[in-house]
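Summary of the model geometry
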Amino acid sequence: MSDLTLYYFPASYYSQRALLALYEKNAKFKHKVVFIHSGDQNDPTYMRMNPAGQVPVLTDGKKVITESDAVIRYVDENVHTGSTLIPDESSPVGKEVARLWKLINTVKVEIVTFGVVNFQDLSKSGLHPMAQGMKGFLGKRSDEIKKNLTALADKYPDLRDAYNVKIESAFNFQQNYQNRELVVQILNDLEKTFDEMERTLKKVTEEQGVSDPWLVGPRFTAADIALTTLLDRISFLGLAERYFTPEVRPLLYSYFKRLGTRKSVQQVRAGIAGIPRLFILRKLKKSSPFVVGALAVGIAAAVAYNIVNKK
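A brief look at the structure comes next. A quick note: this is a predicted structure, and the numbers were derived from the prediction, not measured. (Residues numbered from 1 in each chain as written. Predicted model: local features only at pLDDT ≥ 70, side-chain atom pairs only at ≥ 80, totals over all residues. Heavy atoms only, no water.)

**Looking at the packing of aromatic side chains**
Tallied over the full model, the rule gives 14 aromatic pairs. Measuring from ring centre to ring centre gives 5.2 Å for F194 and Y243, while their planes differ by 55°; the resulting arrangement is tilted. Linking F194 in helix 9 (residues 180-208) with Y243 in helix 11 (residues 240-243), this pair joins segments that are 49 residues apart in sequence. In this structure, F194 and Y243 share a single accessibility class: buried. Both rings, one in W214 and one in F220, keep their centres 5.1 Å apart while their planes meet at 90°; by these two values the pair is edge-to-face. A single burial state applies to W214 and to F220, both of which are buried. Members of the aromatic cluster, connected to one another through ring pairs, are F194, Y243, F244 and F256. Cation over ring: R258 sits above W214, and NZ or CZ is 4.8 Å from the ring centre. (Phe/Tyr/Trp six-rings, centres within 6.5 Å; stacked < 30°, edge-to-face > 60°. Helix = DSSP H or I, 4+ residues; strand = E, 2+ residues; numbered from the N terminus. Buried < 20%, exposed > 50% of the residue type's maximum accessible area, 1.4 Å probe, protein only. Lys NZ or Arg CZ within 6 Å of the ring centre and 35° of its normal.)

**Some details on the environment of D60**
Its place among the elements puts D60 in strand 3 (residues 57-60). Looking at D60, the relative accessible area reads 15%, which means it is buried. Note: C-alpha distance between D60 and T5 (55 residues apart in sequence) is 6.6 Å. Polar side-chain contacts of D60 include one of 2.5 Å to the side chain of Y74. (Polar contact = N/O pair within 3.5 Å; in protein donor to acceptor, adjacent residues only side chain to side chain.)

**Side note on the side chain of S15**
Mapped onto the elements, S15 comes out in helix 1 (residues 13-24). According to the relative accessible area criterion, S15 is buried, its value standing at 0%. A distance of 3.3 Å separates a polar side-chain atom of S15 from the backbone nitrogen of F9. Those residues in contact with S15 that sit more than four places away from it in its chain are Y8, F9, V55 and P56. (Contact = heavy atoms within 4.5 Å.)

**Structural notes on the sheet that holds strand 2 (residues 30-33)**
Hydrogen bonds along the backbone pair up the strands of a sheet, which may run parallel or antiparallel. The strand order across the open sheet built from four strands is 2-1-3-4, with neighbouring strands paired in mixed fashion. One side of each edge strand has no neighbouring strand; the edge strands of this open sheet are strand 2 and strand 4 (63-66). Strand after strand, the sheet turns through a mean of 20° between neighbouring axes, direction not considered. Bridge count between strand 3 and strand 4: four bridges; the pairing is antiparallel. (Pairing = 2+ DSSP bridges. Axes fitted to C-alpha atoms, helices over the stretch in contact; angles between N-to-C directions.)

**Considering the pattern of salt bridges**
Using the criterion set out here, one finds 15 salt bridges in the structure. For D40, the salt bridge is made with R282, and the minimal N-O distance between the two is 3.0 Å. Placement of D40 in the loop between strand 2 and helix 2 (44-49) and of R282 in helix 14 (residues 275-287) is noted, with a sequence separation of 242 residues between them. Between E196 and R199 there is a salt bridge, with its nearest N and O atoms 2.8 Å apart. With E196 and R199 both in helix 9, this residue pair falls three residues apart, about one helical turn. (Salt bridge = Lys/Arg side-chain N within 4 Å of Asp/Glu carboxyl O.)

**Quick notes on the packing of helix 1 against helix 10 (residues 222-236)**
Where helix 1 meets helix 10, the closest approach of the two axes is 9 Å, and the angle between their N-to-C directions is 135°. It follows from the interaxial angle that helix 1 and helix 10 lie oblique. You can see that helix 1 and helix 10 cross each other, and the crossing is right-handed. Residues Y13, Q16, R17, L20 and A21 of helix 1 pack against I225, A226, T228, T229, L230 and R233 of helix 10. Split into classes, the residues belonging to the contact of helix 1 with helix 10 amount to six nonpolar, three polar and two charged. (Parallel < 35°, antiparallel > 145°, perpendicular 65-115°, else oblique. Left-handed = near helix turned anticlockwise from the far one by under 90°. Nonpolar A, V, L, I, M, F, W, Y, C, P; charged D, E, K, R; others polar.)

**So, the packing of helix 4 (residues 92-105) against helix 9**
Following both chains from N to C, one finds helix 4 and helix 9 inclined at 155°, their axes separated by 10 Å at the closest point. The angle between the axes of helix 4 and helix 9 places the two elements in the roughly antiparallel class. With respect to the hand of their crossing, helix 4 and helix 9 are arranged in left-handed fashion. Residues E96, R99, L100, L103 and I104 of helix 4 touch helix 9, and the partners they reach there are T193, E196, M197 and T200. Taken together, the residues of the contact of helix 4 with helix 9 sort by class into four nonpolar, two polar and three charged.

All quantities given are derived from atomic positions and should not be read as evidence of function.
Below is the structure:
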């Protein structure tokens, strides 16, 4: 399938899920970065493609797939390379994948993310530098979003309802992540979720005799994609020491460490690490295409130099 295009932002939790699915399936696809911090997802062209104005979006020719879970299903059903991510849901393993996937999806990760950024004392070991930079963004987020979306709603009457929905959602979301009691409760509830992940890994190890298993055994599935993004987000927020260490949920800790050896996870993490470069290139592109070209050559030369010197 050569017509696949993914619209995403590397640091977006749900974009990471879509990327993991595509990488696990060895899919060929075009990358379209949507700079959500700059409001690209609210552009009328993008909104007409996805009225929710969210990432990720996968297109296959004229077909548009929104929501990360739907993207994972579509990729698994239509890309015939790589391993199967969603086993037959009538089978025991398929039912277990569905159960775990659903359980992980109950975590209100957006409130966890912005809540911990807002109340940084809730972090155990300190936020990732990229997360620390979000604090100032939060202060002006709601007012600016409302102002920008209101202007867009007035300018594009055909999208007025969609923009108004986004305005209301942004207001409600702000109320939630600024509610410390709610954020703390969600963090406490996460203990139960991770307890279940630990029990699951122990059961798989004992019943299947598999050392270092994924959630349902030796195969990496959609449930693992969901858990991978959750664990990476927890680490990003400096909360790993609370939820998984060699002493606290050791099997989950081992699972997290092994994720770093998986190619798809490495690719997603590399994309996150490359975000500052994306912003620099975007800023330079707006100021001078010539400078971008020169910079791209320089970056390519530096990468080539590093590769040669690592051999």
